[in-house]
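Architecture and fold: a report
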Amino acid sequence: MSSLADRPENAVVGHRAVHESAALHVTGAAMYTDDIAAQTAGVLTAWPVQSTSAHARVSIDVSGAYEVPGVVRVLTADDVPGLNDAGIRNDEPLFPSEAMFYGHALVWVLAETTEAARLGAERVKVEYDELPSLITVHDAIEAGSFMGTPRTVARGDAAAGLASSAHVFEGVTEFAGQEHFYLETHASFAVRDSEGQYFVQCSTQHPTETQDLVSHVLGIPANEVTVQCLRMGGGFGGKEMQPHGFAAIAALGAKLTGRPVRVRLNRTQDLTMTGKRHPFHISWKVGLDESGMLQALDAVLTADGGWSIDLSEPVLGRALCHIDNAYWIPNVHAYGRIAKTNKQSNTAYRGFGGPQGVFLIEDILGRIAPTLGIDPLELRRRNFYQPGQHTPYGQLVKDAERMPTIWDQLADEASIAQRRAEIDAFNAASPDVKRAISMTPIKFGISFNFAAFNQAGALVHVYKDGSVLVNHGGTEMGQGLHTKMLQIAATALGLELHQVRLAPTRTDKVPNTSATAASSGADLNGGAVKNACDQIRDRMAAVAGRLLGVDERDVRFGGGYVTALGTPGRLTFAEVAKAAYFQRVQLFAAGYYRTSGLHWNPETMQGSPFKYFAYGAAATEVEIDRFTGAYRILRVDIVHDVGDSLSPMLDIGQIEGAYVQGMGWLTLEDLRWDDTDGPHRGRLQTQSASTYKLPSFSEMPEEFTVRLFQNAREDGAVYGSKAVGEPPFMLAFSAREALRQAVAAFGPAGHSVDLASPATPESVYWAVETARAAQDAAEPAPALSTV
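A few points on the structure. (Residues numbered from 1 in each chain as written. Predicted model: local features only at pLDDT ≥ 70, side-chain atom pairs only at ≥ 80, totals over all residues. Heavy atoms only, no water.)

**Overview of the nonpolar core**
Among the nonpolar cores identified, the biggest contains 105 residues, and Trp284, Leu301, Ile624 and Tyr659 are the most heavily contacted of them. A per-element tally of this core places helix 10 (residues 354-372) first, with nine residues. Leaving out residues up to four positions away in the same chain, Tyr659 has contacts with Thr620, Ile633, Val636, Ile638, Phe704, Pro728, Leu731, Ala732, Ser734 and Ala735. Within the second largest apolar cluster, 54 residues are counted, among which are Ile488, Ala489, Ala492 and Leu587. (Core = buried A, V, L, I, M, F, W, Y, C linked by side-chain atoms within 4.5 Å. Buried < 20%, exposed > 50% of the residue type's maximum accessible area, 1.4 Å probe, protein only. Helix = DSSP H or I, 4+ residues; strand = E, 2+ residues; numbered from the N terminus. Contact = heavy atoms within 4.5 Å.)

Here it is in structure tokens:
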């Protein structure tokens, strides 16, 4: 039992709490980065000139832009006083001399209005000296175009394990990327003050890295740049690395013009300029024994990184660490590499490579179960990790017993056996519409792959009137992190929720912040907030002890009051705060938290990179129409482990949203690029919601039940909670596997379905046609009639 995980009586955490900005969201009063810019006098708008070639050396004439009324300045490479780069490896020129993808921003036009900036950009002349381009991951593999450092996760002897396996299968698994499609597109707004310092409002998940990059581009120290993130209209990883360049454009414009500058991408610009989830190409061999127990896996994972490295290496690393999902595989050899293509630079996305790794093993099990003649649910369950076993990278699978417990709880509560019997009866009587239900598990590691990011800070103020202001390094993108921080602070100080207020995230209050990513926002920042509050409470306890005439160890805080064991008197928190001030007791504190128990060698890909594992399982029932491939998600049941929930309503919302977003990736969202040799080679063809299908109300399951796994306290995490942001995303594999089984119902027994990803209605239709053809081939020809 650790003090970090202990909860006091009448804790504010653990109860349903309304999102701290809910009223502002639903009334439209919530302010976002570009709202602030729009209310600022004299602001200039920046507009990009985008490449119309996938790969070319460029020569640019900007003179025509200045002929457009309202154009003030065109930003080019010659204007950069510091480093002309927006990346972490100096491989992303902010103003490139070589266009690396169709849509690449070459220069930026600043103007008095958005329309003037747009017209000015149209007048910029670009000459292209075309170069060879690689659009698909197959192009890159064939050309040997790779970047970054390849990595290998290995345990045992995969070759020997395959050789001794009773059943060996091999194949290729490919799946596409995913567009973040946050409601708020990328936005930045920069002002240079009278002292020459820069204040940058930015929709960013990583304010410190935005600060660092702006300072590098401007050639000034970080203490001259303050970055604030008030809130984001969604992020999902897309605003972890990629906002920095846009913030730098705004700051550079402010430096050169002396005026405020805003950058806000419209939807088409955002789609064509920013990175997506990494698509993967995976070749594999797997071996199992006679009873269906996994024995060996040998795989080559190729991630499509796009044109620059971005976060592709840690994404690949996490994919390699999740190829096992919830299953024990004694012999593993997994080699990962990053393909360099002429597309947008792919980046972080919810799950950060984890879904790509999980995809491999779930696809394998779904494919081979019919061939083995083993029920796919049983094949999965019998291969679950057992207590005492380790992952292929050497980490003990802590709480391994939770996975079968959750699985069995879900099977019971969702009446899986009864419903499968009903589905069998339905399918037998329905030749043109088939149903299926499937279950899939998740075991997901929580912590950053990069050890230094596993730290956080906070700054908490208690004012003389007893009100509290909390600053922390995490960013709010709608996920409810700020609400959880308020609940943590109120719990630690013994207050009611309304007595605590949160300040916007900014780098001059909490420095050297980590990205709000890797599902670690609540763990890291919550630990730091609690640490700061504990310091203040301990100081106030000494004051209260003197006022109440008791030992400070007998002082208790709760409900906005301060009491003492064994005495009837009580004081308000405000009375103690005021007394502390007059006694010259410090009423503010800097809190700090670092995740303990981590050790990781990225060279050998061995160690314990995760603080703990989050577990969950989902059951999804679907219905498929033979003639169109259209399908419905009829029912979803989920049991998910979030430890002792900090805020149950928020956590359930996160689980629901993650599932739907995962379902979108696996079944709907189909990114397409022009890979012909025509004039638009490399152009993203799905540039809007009219061509890129997103989950909507019509795709929501008709029944959707989420249960939080109970009695799941996580020692060593703030108030015993666990992360919730990313793990449930992968529960959507149950939808894909249910579609696979529904397709199989059109074919003969033992038919293995190879289902494309995303499993769009078109893909499902062709899979059904293949299954029906197999059924026709398996049926004996009708006897010829005789006359």
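Here the narrative resumes.
**Brief notes about the sheet that holds strand 15 (residues 331-339)**
In spatial order, the strands read 7-15-14-13-8; together these five strands make up an open sheet with mixed pairing. Of all strands in the sheet, those with a lone pairing partner are strand 7 (146-155) and strand 8 (167-175), marking the two edges. On average, each strand axis in the sheet is tilted by 10° relative to the strand beside it, whichever way the strands run. The pairing of strand 8 with strand 13 (residues 280-288) spans nine bridges and is classified as antiparallel. Along strand 13, the bridge assignment pairs Val168 with Gly287. Relative to the sheet, helix 9 (residues 312-320) contacts strand 7, strand 13, strand 14 (294-304) and strand 15, its axis offset from that of strand 15 by approximately 160°. Sheet contacts for helix 10: strand 8, strand 13 and strand 14; angle to strand 8, the most-contacted strand, approximately 135°. (Pairing = 2+ DSSP bridges. Axes fitted to C-alpha atoms, helices over the stretch in contact; angles between N-to-C directions.)

**Comments concerning the environment of Ala417**
Note that Ala417 resides in helix 13 (residues 416-428). Owing to a relative accessible area of 63%, Ala417 belongs among the exposed residues under this scheme. Along the sequence, Ala417 and Leu668 sit 251 residues apart, while their C-alpha atoms lie 29 Å from each other.

**A short note on the side chain of Gln395**
In this fold, Gln395 is placed in the loop between helix 11 (376-382) and helix 12 (402-413). Exposure remark for Gln395: the relative accessible area of 6% places this residue in the buried category. Among the polar contacts made by the side chain of Gln395, one reaches the main-chain carbonyl oxygen of Phe610 at a distance of 2.7 Å. In this structure Gln395 touches Gln389, His390, Gly607, Ser608, Pro609, Phe610 and Phe613, once residues within four positions along its chain are discounted. (Polar contact = N/O pair within 3.5 Å; in protein donor to acceptor, adjacent residues only side chain to side chain.)

**Re the packing of aromatic side chains**
Inspection of every chain in the model, using the stated rule, returns 22 aromatic pairs. Geometrically, the ring pair formed by Phe175 and Trp665 is edge-to-face, given 5.9 Å between the ring centres and 90° between the ring planes. Of this pair, Phe175 sits in strand 8 while Trp665 sits in helix 17 (residues 648-667), placing them 490 residues apart in sequence. Assessed through its relative accessible area of 4%, Phe175 is described here as buried. Taking the centre distance of 5.6 Å and the plane angle of 65° together, the rings of Tyr659 and Phe704 count as edge-to-face. Taken together, the residues Tyr659 in helix 17 and Phe704 in strand 29 (residues 703-708) connect sequence positions 45 residues apart. Judged by relative accessible area, which is 0%, Tyr659 ranks as buried. What links up through ring pairs into an aromatic cluster is the set Phe175, Phe280, Phe359, Trp665, Phe729 and Phe733. The lysine or arginine in question, Lys464, covers the ring of Tyr581, its NZ or CZ lying 4.7 Å from the ring centre. In this arrangement the basic side chain of Arg570 is found over the ring face of Tyr561, its NZ or CZ atom lying 3.7 Å from the centre. (Phe/Tyr/Trp six-rings, centres within 6.5 Å; stacked < 30°, edge-to-face > 60°. Lys NZ or Arg CZ within 6 Å of the ring centre and 35° of its normal.)

**Things to note about helix 18 (residues 733-744)**
An α-helical turn contains 3.6 residues, so any two residues separated by three or four positions project in the same direction. The first and last C-alpha atoms of helix 18 sit 17 Å apart over twelve residues, in line with the 16 Å expected at 1.5 Å per residue. Most of helix 18 sits out of view: eleven of its twelve residues are buried. For helix 18, the full list of buried residues reads Phe733, Ser734, Ala735, Arg736, Glu737, Ala738, Leu739, Arg740, Gln741, Ala742 and Val743. (Expected span 1.5 Å × (residues − 1).)

**Quick word on the environment of Val460**
Within the fold, Val460 resides in strand 17 (residues 455-462). Overall, the relative accessible area of 0% leaves Val460 in the buried class. When the C-alpha atoms of Val460 and Asn531 are compared, they prove to be 9.7 Å apart, with 71 residues separating the residues in sequence. With sequence-adjacent residues up to four places away left out, Val460 is seen in contact with Val468, Leu469, Val470, Val529, Ala532, Cys533, Ile536, Leu587, Phe588 and Ala589.

The values are spatial; any link to function lies outside them.
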